[in-house]
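Structure at a glance
Single-letter residue listing:
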Amino acid sequence: MAVEQKPVVCRVCHAQCGLLADMEDGQPTALHGDKDNPVYHGYSCIKGREMHTMHRLPSRLLRSQKRQPDGSYGEIGSDQALAEVAAKLQDIIAKHGPRSVAIYVGTYGYNNFTANAFGYAFFEAIQSPMVFTSVTIDQPGKGVAAMLHGPWLAGVPWLEDWDALLLVGTNPIVSMLGGLGMNPARHLHEAKQRGMKLVVIDPRKTDVAKKADIHLAPRAGEDSAILAAFARLWLEEGLFDEAFVSDNTQNLDALRDAVAPFTPSYAAERAGVAEDDIIAAARMLGHAKVGGVQAGTGPNMSGRGNLVEYLVKCLTTLRGWWLKAGDERKGGGVLINPLPPIAASPGPMPGWGFGEKLRVRGLTDTGAGLPTAALADEILTPGEGQVKALICLGGNPMQAWPDQLKTFDAMKALDLLVTIDPRQSGTGRIAHYNIACKLHMEVEGNTSLSEFLGNFGPGWGHGAPYGAACPPLLSPPPGSDLVEEWEVFYGLAQRMGLTLKVKPASYVDNPSKEKFATILDMSEPAASIDAWALTLKGSPVPLEEVRKYPAGHIFDTPRQIIQPRPEGWPGRLELGSEPMLDELREIAASPSNPYEQDNAFPFRIISRRLNDMHNSNWHDSPRLSRKWRYNPIFMNPEDMGRLGVAAGEVVEIESARASIFCVVEPAPDVRSHCAAVPHSFGGNPDEPEDPFTTGGNTGKLSDVEKDFDPYTGIPLMSGIPVRIKKTNRFSAGVAAE
Ligand SMILES: Nc1nc2c(c(=O)[nH]1)N[C@H]1C(S)=C(S)[C@@H](COP(=O)(O)OP(=O)(O)OC[C@H]3O[C@@H](n4cnc5c(=O)[nH]c(N)nc54)[C@H](O)[C@@H]3O)O[C@H]1N2
Ligand SMILES: Nc1nc2c(c(=O)[nH]1)N[C@H]1C(S)=C(S)[C@@H](COP(=O)(O)OP(=O)(O)OC[C@H]3O[C@@H](n4cnc5c(=O)[nH]c(N)nc54)[C@H](O)[C@@H]3O)O[C@H]1N2
Ligand code: SF4
Ligand SMILES: [Mo]
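To keep things clear, this report deals only with the structure shown in the data block. Within any chain, residue numbers begin from 1 and follow the written order of that chain's sequence. By the order in which they are written, chains take letters starting at A while ligands take numbers starting at 1. Local features in a predicted model are, by the rule used here, given only for residues with pLDDT of at least 70; side-chain atom pairs are given and counted only at 80 or more, and totals for whole chains, interfaces and linings are based on all residues. No hydrogens and no water enter the side-chain calculation; it runs on all heavy atoms of the structure.

Starting at the N terminus, helices and strands are each numbered in turn, a helix being any DSSP run of H or I of at least four residues and a strand any DSSP run of E of at least two. Helices and strands together make up the secondary structure of the chain, namely 25 helices and 34 strands. Dimensions along the principal axes, computed over C-alpha positions, put the chain at roughly 70 × 65 × 60 Å. Classification of residues uses two cut-offs on accessible area relative to the type maximum, computed with a 1.4 Å probe and protein chains only: under 20% is buried, over 50% is exposed, and between them is partly exposed. Within the chain, buried positions represent 63% of all 737 residues. Each accessible area is a Shrake-Rupley estimate made with a 1.4 Å probe; only the visible protein chains count as cover when residues are assessed. Looking at the chain as shown, the accessible area adds up to about 26,300 Å², and 51% of this sits on carbon and sulfur atoms.

Right, let's talk about the site of ligand 1 for a bit. Each residue is tested against the molecule or strand, and it is near if at least one of its non-hydrogen atoms lies within 4 Å. Surrounding ligand 1, one finds 32 residues, the nearest of these being Thr170, Ser175, Asp202, Asp223 and Met613. Polar contact is the term for a pair of N or O atoms within 3.5 Å; when the atoms are in protein, one must be able to donate a hydrogen and the other to accept it, and sequence-neighboring residues count only if both atoms are side-chain atoms. In the model, an oxygen atom of ligand 1 is placed 2.7 Å from a nitrogen or oxygen of the threonine 170 side chain. Contact between ligand 1 and serine 175: a nitrogen atom at 2.7 Å from a main-chain N or O atom of the residue. Contributions of two or more residues to the shell around ligand 1 are made by α7 (172-175) and α14 (297-301).

Here we take up the nonpolar core. Counting 56 residues, the largest nonpolar core has Leu166, Leu227, Phe230, Leu318 and Leu584 as its most contacted members. Here this core takes 10 residues from helix α9 (residues 223-236), the largest share from any one element. Excluding anything up to four places from it in sequence, phenylalanine 230 contacts Leu166, Ile201, Leu216, Ile278, Ala281, Ala282, Leu285 and Leu315. In this description, a nonpolar core means a group of buried Ala, Val, Leu, Ile, Met, Phe, Trp, Tyr and Cys residues linked to one another through side-chain atoms lying within 4.5 Å. Of all hydrophobic cores here, the second largest spans 49 residues; its members include Ile46, Tyr466, Cys470 and Cys674. We call two residues contacting when some pair of their heavy atoms lies within 4.5 Å.

Its place among the elements puts phenylalanine 123 in helix α5 (residues 113-126). In this structure phenylalanine 123 comes out as buried when scored by relative accessible area, which is 1%. Counting along the chain gives 214 residues from phenylalanine 123 to asparagine 337, while the straight-line C-alpha distance between them is 24 Å. Phenylalanine 123 has contacts with Val101, Ala102, Ile103, Ser128, Met130, Val131 and Ile391, leaving out every residue within four places of it along the chain.

Next up on the list: the sheet that holds strand β9 (residues 197-201). On the basis of which strands lie adjacent, the open sheet formed by 4 strands has the order β10-β9-β8-β12 and parallel pairing. Two strands close off the open sheet at either side, each with one partner strand: β10 (214-216) and β12 (291-295). Across this sheet, the average inter-strand angle for adjacent strands is 10 degrees, counted without regard to direction. Bridging between β9 and β10 involves 3 bridges; their strand directions are parallel. By this definition, two strands are paired if DSSP reports at least two bridges between them. To obtain an axis, a line is fitted to C-alpha atoms, over the contacting stretch when the element is a helix, and the angle between two such axes runs from 0 to 180 degrees between their N-to-C directions.

Whether two aromatic rings pair depends on their centres lying within 6.5 Å, for rings of Phe, Tyr and Trp, where Trp uses its six-membered ring; planes under 30 degrees apart make the pair stacked, over 60 edge-to-face, and the rest tilted. By the definition in use, this model includes 20 aromatic pairs. A centroid spacing of 6.1 Å and a plane angle of 65 degrees characterise the contact between phenylalanine 452 and phenylalanine 456, whose relative ring orientation is edge-to-face. Look at phenylalanine 452 and you get buried, because its relative accessible area is 19%. A network of ring pairs unites the aromatic residues Phe113, Phe452, Phe456 and Trp460 as a single cluster. Lying across the ring of phenylalanine 708, arginine 361 places its NZ or CZ 5.5 Å from the centre. Any Lys NZ or Arg CZ found within 6 Å of a ring centre and within 35 degrees of that ring's normal is scored as a charge over the ring.

If you trace the backbone, arginine 329 turns up in strand β13 (residues 328-329). Within the buried core, arginine 329 has no salt-bridge partner, and the shortest N-O distance to an opposite charge, that of glutamate 451, equals 9.2 Å. Of note is the side chain of arginine 329, whose polar atom sits 2.9 Å from the backbone oxygen of leucine 153. Other than its neighbours up to four places away in sequence, arginine 329 contacts Leu153, Ala154, Leu323, Pro338, Leu339, Pro340, Pro341, Gln560 and Ile562. Lys and Arg are tallied as positive, Asp and Glu as negative. Neither His nor the chain termini are counted. Just to be clear on terms, a salt bridge is a Lys or Arg side-chain nitrogen sitting within 4 Å of an Asp or Glu carboxyl oxygen.

Here the focus is helix α8 (residues 184-194). Every buried residue of α8 is accounted for by Pro184, His187, Leu188 and Ala191. All buried residues of α8 fall inside an arc of 100 degrees around its axis, so they share one side. Exposed side of α8, more than 90 degrees from the buried face: His189 and Gln193 are the residues found there. Contacts from the buried residues of α8 go to α7 and β9. Here, the arc refers to the directions that run from the helix axis to the C-beta atoms.

Once that is clear, we can look at the packing of α9 against helix α11 (residues 252-259). Where α9 contacts α11, the axes come no closer than 9 Å and their chain directions differ by 115 degrees. Where α9 crosses over α11, the handedness of that crossing is left-handed. Along the contact surface, α9 presents Ala228, Ala231, Arg232 and Leu235, while α11 presents Leu252, Arg256 and Val259. Polar here means any residue outside two lists: the nonpolar Ala, Val, Leu, Ile, Met, Phe, Trp, Tyr, Cys and Pro, and the charged Asp, Glu, Lys and Arg; Gly therefore counts as polar. Of the residues belonging to the contact of α9 with α11, the class tally is 5 nonpolar, no polar and 2 charged. Note on convention: near helix rotated counterclockwise from far helix by under a right angle means a left-handed crossing. Clockwise means right-handed.

As a further point, take the sheet that holds strand β5 (residues 73-76). Read across the sheet, 7 strands follow the order β5-β4-β18-β17-β16-β6-β7 without closing on themselves; strand pairing throughout is mixed. The open sheet terminates on both sides in strands that have one partner only, identified here as β5 and β7 (131-133). Put simply, the sheet's adjacent strands are angled 20 degrees from each other on average, direction ignored. With 4 bridges connecting them, strand β4 (residues 64-67) and β5 associate as antiparallel partners. Bridge pairing in β5 places lysine 66 opposite glycine 74. On the sheet, helix α20 (residues 485-496) packs against β6 (101-105), β16 (389-393), β17 (416-420) and β18 (433-435) and is oriented at approximately 150 degrees with respect to β16.

In structure tokens form, the structure reads like this:
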């Protein structure tokens, strides 16, 4: 049989790698990297190489489901499901008002621009402000800090130009989070060959930490002390870009005062690392002319995430590691309109306190969106505005949200819970309706998301005006009844007599989004709508042109040379954001209190990702679960000795909120008294626990009412205080009663 190779944009994660599918008889038999791809250079990971098999897993929903009175699920036609959901939404809105309907846009909603463009249009049409995303349980500090510091319009230098890189609690070689671009291992190797210095701060010797010139392995949640110490040392030793700082920032003195207590020895004591290492790292970074600083989920989840991300911005600014007038911005400008190439900032903006006010914990809308960690309480708290209906678009609250016990109560309390999902997730096992949707290779793909993410910071995006768009390579399976995510919102709106106004994702600013919005003719059948054309309307390179390049292409777009700040431009980057400096002062005034001495909760559970698994997705894939079917607790052998527990035995991990059970895996690379457990495993609270099959849900350990960020509401999801003890309740493969 002749094998034909067809290019495909991977949809399994946000990196959108350019892959090749070996097609036999119209069916993909293998997926692999494309060495001719000008950006990804043959890169692929096992998840991407398994994309085609996800379509065929037995857990894949081929038809939508409706919950029956006895709790079982029956099949329902998609038409009928949409009609019933539409009628229920109308009823709920009539009784309780539009605010009683909320949406949670999870990873596969956020990563899918047609889905979220139509989803947001639907929520505008019903006039509900209750739009939540996974961002506020991920790295909410990023959006908040960008507001408090002020965005730098020109952006950051591309990684080929860096002399140094600082990574804080992120492992991009595995996660593909920014910091090292696409094909991160290759970029890191090349950069190290050039002499780039790498500093990594992580309680775990991660894949990137193994390559670091200096690895600081601190106690969880103490990153801000180290970053403040870097700032202090740079200011003291003159290792900052004085010209850039004096020309482009305000309130340097306030920052200088606030970091004053953070001597290297004080930071070393708090964080439990060597003072000399802090000094050496600060000097190594302080002598690099061009560089990048990137933080990840670890510090965003272990308390003070806004402060960590704010200090990331301040460090970048102190070193002047931004693009400046005359520099060239190398990425973007294909499917997404880039920010104006000006060496200036509009200045700081509020990070919270605007938009919809939540009824719980004094929370409001934020620079990262509405606080998702408060949504369960919005559902459970009676009164005007109580949320009664929730649509989960490509997200799985039951496995992913912090505080699983509360989430469970909330999901069960809803009058209407709908998932739009290709499988029955843990949330889907409680939902009233699971709308089965088309999957990756059954729909058009393109690189608009990975290009958009280029705005997030150093080492995100493509570093070239790259774009790719590929047609569907697979037809939905015979006998299936599947819809695309955007069609769900279109179909609901049609049945509810609403008109959708779709705003293009190709613009990042709201006025342009508004200007280029399309008001749909709702009598059109969905099949006649080109949803991507509406979503990417006004893109710098027309989508039609990008569609000619399924294997990807570097477009001949105008060069983006950064222009000097216009005369009289008022905005400056903010180094002295008062709420952030207050947090620094609070830290300085608090006891260092190493938790190792806390008899009640001497350990911290930190988050980490597994190479082969993506969040709660497709844990049943035989190939993805070859190494890990469940999520072990990665524990330092010293701690294992202290607890008298051996590899493969089970421990109970108990926080102040709840307990979970995990299988012990020795990990000398994790700091003692920290133990790393991957997230989004485990079943629902009413299902039998089995650490050897489903694993333990770390979300259960979090308490949304305790230790939460006052602005974004994120509670401790990493660095969670726990005690750990051996248990004989389970043995390999057999769950005890
Ligand atoms: N293979 C794979 N890739 C993924 C995912 C996946 O599940 N699997 N998930 C995707 C998603 S949704 C996201 S948001 C990104 C996340 O991307 P990353 O943020 O890079 O995620 P991790 O690889 O978990 O890295 C977080 C690191 O933080 C460290 N850490 C924990 N607590 C602290 C702390 O208090 N301080 C410091 N300094 N470090 C700490 C952990 O040891 C861990 O190494 O990855 C994405 N990519
Ligand atoms: N303790 C702890 N908790 C965490 C984290 C942590 O590090 N530690 N990480 C947090 C982070 S960074 C995130 S982003 C969240 C993740 O939060 P979520 O996005 O809510 O979780 P996922 O597991 O990614 O859920 C994705 C859902 O989308 C479905 N899906 C897969 N493919 C598609 C598709 O093509 N279309 C549609 N419509 N659906 C699809 C899957 O079946 C699954 O049910 O979890 C957070 N929770
Ligand atoms: S890194 Fe992400 S986009 Fe690339 S192959 Fe793996 S899953 Fe696909
Ligand atoms: Mo995430």
